[in-house]
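Structural description and commentary
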Amino acid sequence: MACFFRRSAALQLAKACGQNEETLIPLISVAPVNRRQCVADLRVSVSHLLQSGAVRPDGDLQNTTHTLARQIRPDAVVEEVIAGRGVIHFRLNKLLLAQKLLDQLRSDPDGFGVQSEILRRLRVGRTLVEFSSPNIAKKFHAGHLRSTIIGNFIANLKKALGNEVIRVNYLGDWGMQFGLLGSGFERFGSQEKLRRQPLEHLFEVYVQVNREAESDASVCSAAAQFFRRLEQSEEQALELWRHFREITIQEYKRIYQRLGVEFDHYSGESFHRAQTQTVLDELKSRGLLKTSQKGTGVVDLSETGDMSNYATLVRSDGTSLYITRDVAAALDRKQRFGFDEMIYVTDKSQSVHFQQLFHILQAMGQQWADRCHHVAFGLVQGMSTRRGEVLFLEDVLEEAQSRMIHNMRQSRTSKELEDPDLTAERIGISALIVQDFKGPLISDYRFEWDKVLQAQGDTGVFLQYTHARLCSLLRQQDCESSCSDFSPLLDSRSVSLLQHLLRYDEVLLQCATDLQPRHLVNFLMTLSHLVASAHRELPVKGSSAAVAQARLCLFSSVRSVLANGMRILGITPVEKM
Ligand code: ARG
């Protein structure tokens, strides 16, 4: 609906400067709501107009602004045009704003924002998002948790904006670690423990065998031998490896479900080990693979061909590396899924790896390499639980849940719940997500449970609380009845909420442009703060029928935008807490 208003302003502006309104629409934006009374609803920067050639300068910037503002005629939609500092403000007809916005939100709550005209500028197609990607038998560390929730957000966002999304989990399921694990399991593994606590037991075996390998050379050679058996596809060794892989995936699926995350494919490094030879052959035939003095196979990635920047794809013993498998995986995915873009989500320590990967694909003549992106994120320090360092994803979920249960018991406002554990878990997870998404993804941050789970302040708990409170208000009243008179919504509180809702599509556009969730988090936080004051100042109970009805309609619309925004972030909104 923002489009209707943006278009109206663009039309008046177009008439004033003799331009086509279509070219002006992208330059018009919704003014953010702030504490001070908003000057305007929409605005356009005169510098941008000058840059785009839509407007000719008339003296300095301020003079140009004034001249232009005088030339724009208000109409029934844009009631007033005001010259600001290098910006032109448009004031909208507030009754029309309420009417149009709320009508649309009621008729198509899920299409609101995501179907906006300004989002049509984005390419839509098939997007492959690769995320989470833990390693079998190793720790699931905070980095994997970040990858999981960030990748999920990107996949949700892309989907909401009309893309076909393929979610891939690329497991670390091959390499020397399986030599150690396999040989270790043959010695002190237990099928019984493996059944009961698969992730813990595999990790236990892996840690023990690693420890022994440090001082005992025979352990290393047993491991090397086991890995050789795997590489040679010896059935017995493969059988054990397959079993490890399968139970790990089963277990992860269960835990991801608690997090509300799903994958279309569980692939992994093992899938592509056979294809690495084809990759190497192709590189060789293109003259890209060179043998270094150390006997390794390398690809020169320098500008000038002086090997100042290169990637190693073959070890001196002829075996392939992580990046070799990644090249094979990318080629295979392109062929299998025909994606239009591919997004990898890992911590920033792998940035160089992905740059090299894209570079190699480019050198191999794969034009689509420039539609592969790496979304990098920073490190989290201090994420631990009462049991100590985080080793498994489930530890974090348990900790979030139990702390949240404790907090809810302390709180006086807590409601009787059908399933308090599930509610606590959902709220705990939303707190983790919001904490993680608040800043730029690339920043490192320190993790503190108490801060994360606070009910006040800009936390996930606060978002959930706002949502639950809106639900409770709507439950108490009959809000099915339609509202036709919006005139009770002309007070400043209601108007601020409406103005803020108007910005939703721009926020989604920002997120889609840089794949950073913080724009959406900030938007939902501001929305929740506005709701908090609205609750105080816009009572439903005790108001006349017309006023109550209009307010309920507003609250119900706000609730649906809040819920949809939360779902894109990967949060399941709760209805009671
Ligand atoms: N398993 C890797 C790790 O834990 C992450 C995999 C990232 N994806 C990729 N295609 N290389 O570090």
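Above this text is the structure in question.
Sequence positions are assigned chain by chain, starting from 1 and proceeding in written order. Totals for whole chains, interfaces and linings use every residue, but because this is a predicted model, local features are given only for residues with pLDDT of at least 70 and side-chain atom pairs only at 80 or more, for both listing and counting. Each side-chain value is worked out from all heavy atoms of the structure, with water and hydrogens disregarded.

Glancing now at the site of the ligand. If even one non-hydrogen atom of a residue comes within 4 Å of a molecule or strand, that residue is called near it. The environment of the ligand is formed by Glu130, Ser133, Asn135, His144, Tyr170, Tyr322, Asp326, Tyr344, Thr346, Gln350, His353 and Phe354. The definition of a polar contact used here is a pair of N or O atoms within 3.5 Å, where within protein one atom must be able to donate a hydrogen and the other to accept one, and adjacent residues in sequence count solely through side-chain atom pairs. A distance of 2.7 Å separates a nitrogen atom of the ligand from a polar atom in the side chain of Asn135. Surface accessibility follows the Shrake-Rupley procedure with a 1.4 Å probe radius. Residue values consider only the protein chains on display as shielding. The protein chains hide 90% of the 350 Å² of surface that the ligand would expose on its own. Helix and strand labels come from DSSP, where a helix needs a run of H or I of at least four residues and a strand needs a run of E of at least two; each type is numbered from the N terminus. Those elements giving two or more residues to the shell around the ligand turn out to be α13 (322-337), β11 (341-347) and α14 (351-363). Nonpolar residues are Ala, Val, Leu, Ile, Met, Phe, Trp, Tyr, Cys and Pro. Charged residues are Asp, Glu, Lys and Arg, and all others, Gly as well, are polar. Taken together, the residues of the shell around the ligand break down into 4 nonpolar, 6 polar and 2 charged.

The next thing to look at is a positive patch on the surface. Together, Lys415, Arg469, Arg475, Arg536 and Lys576 make up a positively charged patch on the protein surface. Relative to the helices and strands, Arg536 resides in helix α21 (residues 518-537). The patches described consist of residues with a relative accessible area above 30% and no salt bridge, like charges being joined within 9 Å and nonpolar side chains (Val, Leu, Ile, Met, Phe, Trp, Tyr) within 5 Å. When a carboxyl oxygen of Asp or Glu is within 4 Å of a side-chain nitrogen of Lys or Arg, the pair counts as a salt bridge. Neither His nor the chain ends is counted toward charge; the positive residues are Lys and Arg and the negative residues Asp and Glu. Throughout, a charge is located at the NZ atom of Lys, the CZ atom of Arg, the CG atom of Asp or the CD atom of Glu.

Two strands qualify as a pair provided that DSSP identifies no fewer than 2 bridges between them. Strand order in the open sheet made by the 4 strands is β1-β2-β4-β3, with antiparallel pairing throughout. Each of the sheet's edge strands pairs with one partner strand only, and the pair in question is β1 (28-30) and β3 (78-83). This sheet shows a mean twist of 25° between the axes of neighbouring strands, independent of strand direction. As paired elements, β1 and strand β2 (residues 42-45) share 3 bridges and run antiparallel to each other. Each bridged residue has a counterpart across the sheet, and for Ile28 the counterpart in β2 is Val44. This element, helix α4 (residues 61-71), spans β3 and β4 (87-92) of the sheet and lies at about 160° to β3. Axis definition: a line fit to C-alpha positions, over the contact stretch in the case of helices; interaxial angles, taken between N-to-C directions, run 0 to 180 degrees. Residue contacts follow a heavy-atom distance rule, with two residues in contact if any of their heavy atoms lie within 4.5 Å.

The strand order β8-β9-β10 describes an open sheet built from 3 strands, whose pairing is antiparallel. The sheet is open, and its two edges are formed by β8 (289-291) and β10 (310-314), each paired on a single side. Neighbouring strand axes in the sheet, compared pairwise and without regard to direction, differ in orientation by 40° on average. Both strand β9 (residues 297-300) and β10 contribute to a ladder of 4 bridges, which runs antiparallel.

What follows is about the packing of aromatic side chains. By convention, a stacked pair of Phe, Tyr or Trp rings (six-membered ring in the case of Trp) has centres within 6.5 Å and planes under 30 degrees apart, an edge-to-face pair has planes over 60 apart, and any other such pair is tilted. Per the stated rule, a full pass over the model turns up 18 aromatic pairs. For the ring pair Phe131 and Phe263, a centre distance of 4.6 Å and an interplane angle of 35° mean the geometry is tilted. Of the two residues, Phe131 is situated in the loop between β5 (126-130) and α6 (142-160) and Phe263 in the loop between α11 (235-259) and β7 (265-268); the sequence distance between them amounts to 132 residues. We call a residue buried when its accessible area falls under 20% of the maximum for its residue type, exposed when it is over 50%, and partly exposed in between, using a 1.4 Å probe and counting protein chains only. Classification of Phe131 as buried rests on a relative accessible area of 0%. When the ring of Tyr344 is compared with that of Phe354, the centres are 4.7 Å apart and the planes differ by 40°; the resulting orientation is tilted. In this pair, Tyr344 sits in strand β11 while Phe354 sits in helix α14, placing the two residues 10 residues apart along the sequence.

Moving on: unusual backbone geometry. Although it is not a glycine, Ala137 sits at a positive phi angle of roughly 70°. One can find Ala137 in the loop between β5 and α6. One non-glycine residue, Ser233, lies in positive phi territory at about 55°. Structurally, the position occupied by Ser233 is in the loop between α10 (217-231) and α11.

On to the pattern of salt bridges, then. For the structure on display, the rule yields 34 salt bridges. We note a salt bridge from Arg7 to Glu22, for which the minimum N-O separation is 2.9 Å. With Arg7 in helix α1 (residues 2-17) and Glu22 in helix α2 (residues 21-24), the pair connects residues that are 15 residues apart, well separated along the chain. Since its relative accessible area comes to 43%, Glu22 is described here as partly exposed. The residue Glu399 makes a salt bridge to Arg403 at a minimum N-O spacing of 3.0 Å. Of the two residues, Glu399 and Arg403 both sit in helix α15 (residues 393-410), 4 residues apart, roughly one turn of that helix.

By the element assignment, Gln516 lies in the loop between α20 (504-514) and α21. Once residues within four sequence positions are removed from consideration, Gln516 is found in contact with Phe153, Pro440, Leu441 and Cys511.

For β5, the tally of buried residues reaches 4 of 5 residues, placing the bulk of the element in the interior. Pairing of β5 with strand β6 (residues 164-171) involves 5 bridges; the strand directions are parallel. The residue of β6 that forms the bridge with Val129 is Arg167.

In an α-helix there are 3.6 residues to a turn, and that puts residues three or four apart on one side. Take the number of residues in a helix, subtract one, and multiply by 1.5 Å to get its expected span. In a regular helix each residue adds 1.5 Å, so 18 residues correspond to 26 Å; α15 covers 26 Å between its end C-alpha atoms and thus fits that length. Inspection of α15 places Leu393, Glu394, Asp395, Val396, Leu397, Glu399, Ala400, Gln401, Arg403, Met404, Ile405 and Met408 among the buried residues, and these make up the whole buried set. On its buried side, α15 packs onto α6, α11, β14 (384-385), α16 (420-437), α17 (449-452) and α18 (460-476).

Of all 7 residues that make up β11, 7 are buried, and the element is covered over most of its length. One ladder, built from 4 bridges, connects β5 with β11; its direction is parallel. Across the sheet, residue Glu130 finds its bridge partner in β11, namely Tyr344. Here β11 runs beside strand β12 (residues 372-377); their pairing, made up of 6 bridges, is parallel. Following the sheet pairing, Val345 is matched in β12 by Val375.

Among the secondary structure elements, Gln355 is positioned in helix α14. Once the C-alpha coordinates of Gln355 and His373 are considered, the two residues, 18 residues apart in sequence, prove to be 9.0 Å apart.

Let's shift gears to the environment of Ile255. If you trace the backbone, Ile255 turns up in helix α11. Apart from the residues within four sequence positions on either side, Ile255 is in contact with Leu199, Leu393, Glu394 and Leu397.

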